[in-house]
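Examining the three-dimensional arrangement
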Amino acid sequence: MGKLFQNLWRHKGAVLLIILLLIGQAYCDLSLPSYTSDIVDVGIQQGGIENAVPERMREETFNNLSLLLTEEERELAEEAYTLTDGVMELNTSNRKTIESLDEAFGLPMVILSTIQESGADLAALAQAVPEGGMTQDVIEEIRQQALAGMGDMSDSIISQRAVLFVQAEYEALGMDLGDVQMRYLLTTGAKMLGLTLLMVCTAVLAGLLSSRTAARIGMELRGQVFTKVLSFSNTELNQFSIASLITRSTNDIQQVQMVEVMLLRMVLYAPIIGIGGILKVLGTDTGLGWIIVVAVAAIFAVVMILLFVAMPKFKKMQTLVDRVNLVAREILTGLPVIRAFDREKFEEERFDRANTTLMKTQLFTNRVMNIMMPAMMLIMNGVTVMIIWFGGHGVDAGTMQVGDMIAFITYTMQIVMAFLMITMISVMLPRAGVAADRIQEVLDTPVSIQDAPSVRDGELADAKGELRFEDVSFRYEGADEDALEHISFTAKPGETTAIIGSTGCGKSTLIHLIPRFYDVTQGRITIDGVDIREISQEKLHSLLGFVPQKGNLFSGTIASNIKYGGDWITDEKMEEAAQIAQAEEFIETKPDGYESPIAQGGTNVSGGQKQRLSIARAIAKSPKIFLFDDSFSALDYKTDAQLRKALHDKTADAAVIIVAQRISTILHANRILVLEDGRVVGDGTHEQLLESCAAYQEIARSQLSEAELKGGRAS
């Protein structure tokens, strides 16, 4: 799973910007519940009056309040209010000043309200106070008596009575209380709307950056895997099945990309919103914090149980996907054989077994995971009921306001949802971790065929193309014995060297050593005296024109396939190559000629046409060494003969190596090597081998008539 975070580390700049955006989103998200609480508590219940600090009050009321203030509080009040036409108007919006005034005015307002309710004359009370005001001791004694009369509910009573006092003062001034309330609701609503818009913007930007970052990670991984696979030799390709490589390049990278998005959007956001929610909850004096502890513990218990049950299945799922892809690929590529042998039913059952096993595993994991959401919803609803139950008692007792309870429910849900997000991603992480490991396995696979630290390409600037095998032996990895043993021969420019032998004798293996699809186990192969392991692969392949046993065409046109050797190949060279390969005839019959489309794999042309186009592709490259790996097998004798004659004229200055099954193809070769069990058992011309090589004679008798055999010996 560490690979997932390593991918993110390579894009740390984008990740940092996403984190900053998520912090902004979380700030807005966490601020909204407190505004909701204010709308309920202040906007609705208190008529829009936030505290005990009136915006306006009569001079008489201000003077009466001042009687019950300490000297320091009186000075603060006198600085905060300005007298205008007999009305004291608040002249500051400083938060600290207003908080200090709220604390100072609260209890005096309650005391004045009590005096007014008792019917006492406030004017007489003011006249009875000494000119210098009441002493600090007297004020403190009055306050303590008032607090003692309120008991344990003093804070709540002071707040509520102070708001009522301010409302009464506003009425006395002729102010519209409905307008005060509406102004507060609109102001708070506007703030909430602004925060919501800001939250939307940060969320959209964070989502956009997360998606782009994850998409770039996916693109980079696909590029790295593709580049790595292109550098694989046949040895590495044999370690991974083609189906597995396709799964790793598509499905596995898709899994990683999807989880990277969730890591950036959910895993990073969850702790921010969760920690912020906990801090907000701790800031609300509700006494219900223990409910959050219960909720988080319940969530963890559910998650651990589910992960313990589902984790092994998640690890198994990717292997089963590989298996389905492997079976599907085998069936689709071998469809003609399956139909010819009437094995459709058998292959259907084989695919059904692989498919059913994968389906059962997926159903099991999906069912287990589907339990999670109802369980989480049950926990969340249970937590809500607990908060309402215990919070309702607090509201009834006067220790909590309705808005505070609503805010607490919202914060609790945010905390629970944060843990829920982490849990959901933790379910996907194991599968994505397996996918990341499988991708990394491909990237970490060492390439056995590599260029030498110091290459000798300069010595082949004017290469002639003389190819030499010097005591070459080769053994496949893990094999018990050599596939080729002590092979030595020289293929000179202008000459044709043919290799023939029974099936499995090592003919294709020998020719695959030349382009370094494998490296020799012993001995060396040279071109103009330079060991091919000391030539860069790019230079080596530029000297070779390789035609594989199975012609492989690419989707595009006939022209794009013949010119596959390089952009420098002109139309004239392309047409010449097609003419030599005897492909011009069928190309000209097509309506679009050289621009005729070729389907993937060349499925819209016949086997013989495919071989001729493959041969034309090699000829157009004008290499120094031609390698034909049984490349004439799909051609009829007439086309074969015409092609070889035309090829002989074209390759007068190039070395030609032909692997063939038919003696007629190599009859006029300058040199024929006969392989048997990986060893050379015959070396010479056709006539010489008919006289001296028993293995060649056996092949000849199976393919040629007595007259042809006698004619060969006579010549």
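Computed from a prediction, not measured in an experiment: that's the story for all the values here. (Residues numbered from 1 in each chain as written. Predicted model: local features only at pLDDT ≥ 70, side-chain atom pairs only at ≥ 80, totals over all residues. Heavy atoms only, no water.)

1. As for the overall build of the chain
In plain terms, the rule: Helical segments are the DSSP runs of H or I of at least four residues, strand segments are the runs of E of at least two, and each set is numbered from the N terminus. The size measure is the radius of gyration over C-alpha atoms, and the globule rule it meets is 2.2 Å times the number of residues to the 0.38 power. Relative accessible area decides the class of each residue, using a 1.4 Å probe on protein chains only: under 20% of the type maximum gives buried, over 50% gives exposed, and in between gives partly exposed.
Across its full length, the chain carries 27 helices and 15 strands. Taken over the C-alpha trace, the chain has a radius of gyration of 44 Å; the compact-globule value for 715 residues is 27 Å, which it surpasses by more than 25%. The principal-axis extent of the C-alpha atoms belonging to the chain is close to 150 × 50 × 50 Å. Counting every position in the chain, which comprises 715 residues, the buried fraction comes to 45%.

2. Things to note about the sheet that holds strand E5 (residues 484-491)
Where we set the bar: The criterion for strand pairing is that DSSP finds at least two bridges linking the strands in question.
The strand order E5-E4-E7-E8 describes an open sheet built from four strands, whose pairing is antiparallel. Bordering the open sheet on either side are E5 and strand E8 (530-531), each of which pairs with just one other strand.

3. Let's talk about a nonpolar patch on the surface
For the record, the criterion: Note on patches: the residues involved have over 30% relative accessible area and no salt bridge, like charges join within 9 Å, and the nonpolar side chains Val, Leu, Ile, Met, Phe, Trp and Tyr join within 5 Å. Residue exposure ignores everything except the shown protein chains as possible cover, and the areas themselves are Shrake-Rupley values with a 1.4 Å probe. A pair is scored as a salt bridge if a Lys or Arg side-chain nitrogen falls within 4 Å of a carboxyl oxygen belonging to Asp or Glu.
A cluster of nonpolar residues, Leu 16, Leu 17, Leu 20 and Ile 23, forms a patch on the protein surface that exposes about 370 Å² of accessible area. Assignment of secondary structure puts Leu 20 in helix H2 (residues 12-45).

4. Examining unusual backbone geometry
Even without being a glycine, Asp 342 presents a positive backbone phi close to 55°. With respect to the helices and strands, the residue Asp 342 is situated in the loop between helix H14 (335-340) and helix H15 (344-397). The backbone of His 486 sits at a positive phi, close to 50°, despite the residue not being glycine. In this fold, His 486 is placed in strand E5. Judged by relative accessible area, which is 48%, His 486 ranks as partly exposed.

5. Examining the pattern of salt bridges
Oppositely charged side chains are able to pair whenever their charged atoms sit close together. Throughout the structure, instances matching the rule amount to 19 salt bridges. Between Asp 179 and Arg 183 there is a salt bridge, and its shortest N-O distance comes to 3.3 Å. Taken together, the residues Asp 179 and Arg 183, both in helix H9 (residues 177-231) and four residues apart, mark about one turn of the helix. For Arg 183, a relative accessible area of 37% corresponds to the partly exposed category. A salt bridge links Arg 350 to Glu 347, with the shortest nitrogen-to-oxygen separation between them at 3.0 Å. With a gap of three residues between them, Arg 350 and Glu 347 both fall in helix H15, about one helical turn apart. Of the residues examined, Arg 350 reaches a relative accessible area of 16% and is grouped as buried. Classification of Glu 347 as buried rests on a relative accessible area of 12%. Via salt bridges that share partners, Glu 55, Asp 179 and Arg 183 belong to a single interconnected network.

6. Side note on the nonpolar core
For clarity, the cut-off: Nine residue types can take part in a nonpolar core, namely buried Ala, Val, Leu, Ile, Met, Phe, Trp, Tyr and Cys, and a core is a set of them joined through side-chain atoms within 4.5 Å.
Ranked by size, the top nonpolar core spans 72 residues in total, and within it Leu 4, Val 256, Val 259, Ile 273, Val 383, Ile 387 and Ile 439 carry the most contacts. Elements with a minimum of two residues in this core: helix H1 (2-9), H2, H9, helix H11 (242-267), helix H12 (269-283), helix H13 (289-333), H15 and helix H16 (402-444). Here the element with the most residues in this core is H16; it accounts for 19 residues.

7. Digging into the side chain of Ser 614
Inclusion rule: Residue contacts follow a heavy-atom distance rule, with two residues in contact if any of their heavy atoms lie within 4.5 Å.
Residue position: Ser 614 is located in helix H22 (residues 607-620). Here Ser 614 falls in the buried class, since its relative accessible area comes to 1%. Once you skip the residues sitting within four places of it in the chain, Ser 614 turns out to touch Val 547, Gly 551, Asn 552 and Leu 553.

8. Observations concerning the state of the cysteines
Chemically, a disulfide is nothing more than a covalent bond linking the sulfur atoms of two cysteines. To be explicit about the condition: Here, two cysteine sulfur atoms that lie within 2.5 Å of each other are counted as a disulfide.
In total, this model carries zero disulfides according to the counting rule given. Distance from the sulfur of Cys 28, which forms no disulfide, to the nearest cysteine sulfur (Cys 201) is 9.3 Å. Cys 693 supplies the cysteine sulfur nearest to Cys 505, a cysteine that is in no disulfide, at a spacing of 11 Å.

9. Some remarks on H2
Basically, it comes down to this: Any helix carries an expected span of 1.5 Å times its number of residues minus one. Note that bend, as reported per residue, equals the angle between axes fitted to the 7 residues terminating at that residue and the 7 residues originating from it.
Along its 34 residues, H2 runs 49 Å from first to last C-alpha, staying within 8% of the 50 Å computed at 1.5 Å per residue. The sharpest bend along H2 comes to roughly 30°, located at Asp 38. The positive-phi residue at the C-terminal boundary of H2 is Gly 47, with phi of around 65°.

10. Section: the sheet that holds strand E2 (residues 81-84)
Test applied: To obtain an axis, a line is fitted to C-alpha atoms, over the contacting stretch when the element is a helix, and the angle between two such axes runs from 0 to 180 degrees between their N-to-C directions.
On the basis of which strands lie adjacent, the open sheet formed by three strands has the order E1-E3-E2 and antiparallel pairing. Strands with a single pairing partner mark the edges of an open sheet, and in this sheet they are strand E1 (56-58) and E2. Between one strand axis and the next, the sheet turns through 30° on average, direction left out of account. Packing against the sheet, helix H3 (residues 59-67) makes contact with E1, E2 and strand E3 (87-90), and its axis sits at approximately 85° to E1. The strands touched by helix H4 (residues 71-80) are E2 and E3; relative to E2, the strand with the most contacts, the crossing angle is about 55°.

11. Side note on the UniProt feature "transmembrane region" (unreviewed entry) in the chain
Quick reminder of the rule: UniProt positions are given in the numbering used here, feature names are shortened, and annotations may be inferred rather than shown by experiment.
Per the UniProt record, "transmembrane region" (unreviewed entry) is annotated on residues 192-209, 263-282, 288-310, 368-390 and 405-429. Helix makes up 95% of residues 263-282 and strand makes up 0%, while its end C-alpha atoms are separated by 28 Å. Annotated as residues 368-390, this span is 100% helix and 0% strand, and its ends, taken at the C-alpha atoms, are 33 Å apart.

12. Concerning the environment of Leu 32
Within the element layout of this structure, Leu 32 appears in helix H2. Distance from Leu 32 to Ala 407, taken between C-alpha atoms, is 8.8 Å for residues 375 residues apart in sequence.

13. Notes on the packing of aromatic side chains
The geometry of an aromatic ring pair is captured by the separation of the ring centres together with the interplanar angle, meaning the angle of the planes. Cut-off, in case you're wondering: In this analysis, rings of Phe, Tyr and Trp, with Trp reduced to its six-membered ring, are considered paired at centre separations within 6.5 Å, and the interplanar angle assigns stacked below 30 degrees, edge-to-face beyond 60, and tilted for intermediate values. Here, over-ring charges are defined by two tests on the NZ atom of lysine or the CZ atom of arginine: distance to the ring centre within 6 Å, and angle to the ring normal within 35 degrees.
Under the defined criterion, the tally for this structure stands at ten aromatic pairs. Ring geometry for Phe 62 versus Tyr 81: centroids 5.8 Å apart, planes at 55°, classification tilted. Here Phe 62, found in helix H3, pairs with Tyr 81, found in strand E2; they are 19 residues apart in sequence, far enough to count as distant. Tyr 81 matches Phe 62 in its accessibility class, with the two residues each being buried. Arranged with centres 6.1 Å apart and planes meeting at 5°, the rings of Phe 232 and Phe 240 form a pair that is stacked. For the pair formed by Phe 232 and Phe 240, the shared burial category is buried. A network of ring pairs unites the aromatic residues Phe 62, Tyr 81 and Phe 105 as a single cluster. Taking the ring centre of Trp 9 as reference, the NZ or CZ of Lys 12 above it sits at 5.0 Å.

14. Here's the deal with the pairing of strand E14 (residues 671-676)
Pairing analysis gives five bridges linking strand E6 (residues 496-501) to E14, with the strands arranged parallel. Among the inter-strand pairings, Ile 500 is bridged to a residue of E14, identified as Val 674. Relative to strand E15 (residues 679-684), E14 runs antiparallel, the two sharing five bridges. Each residue of the ladder has a partner; that of Val 674, found in E15, is Gly 682.

15. Observations regarding H9
Here is the rule we go by: Pairing of N or O atoms within 3.5 Å defines a polar contact, subject to two protein rules: one partner must be a possible hydrogen donor and the other a possible acceptor, and residues neighboring in sequence count only if both atoms are side-chain atoms.
End to end, H9 covers 80 Å across 55 residues, agreeing with the expected 81 Å (1.5 Å per residue, within 8%). The backbone nitrogen of Gly 178 has a side-chain oxygen 3.0 Å away, supplied by the residue at the start of H9, namely Asp 176.

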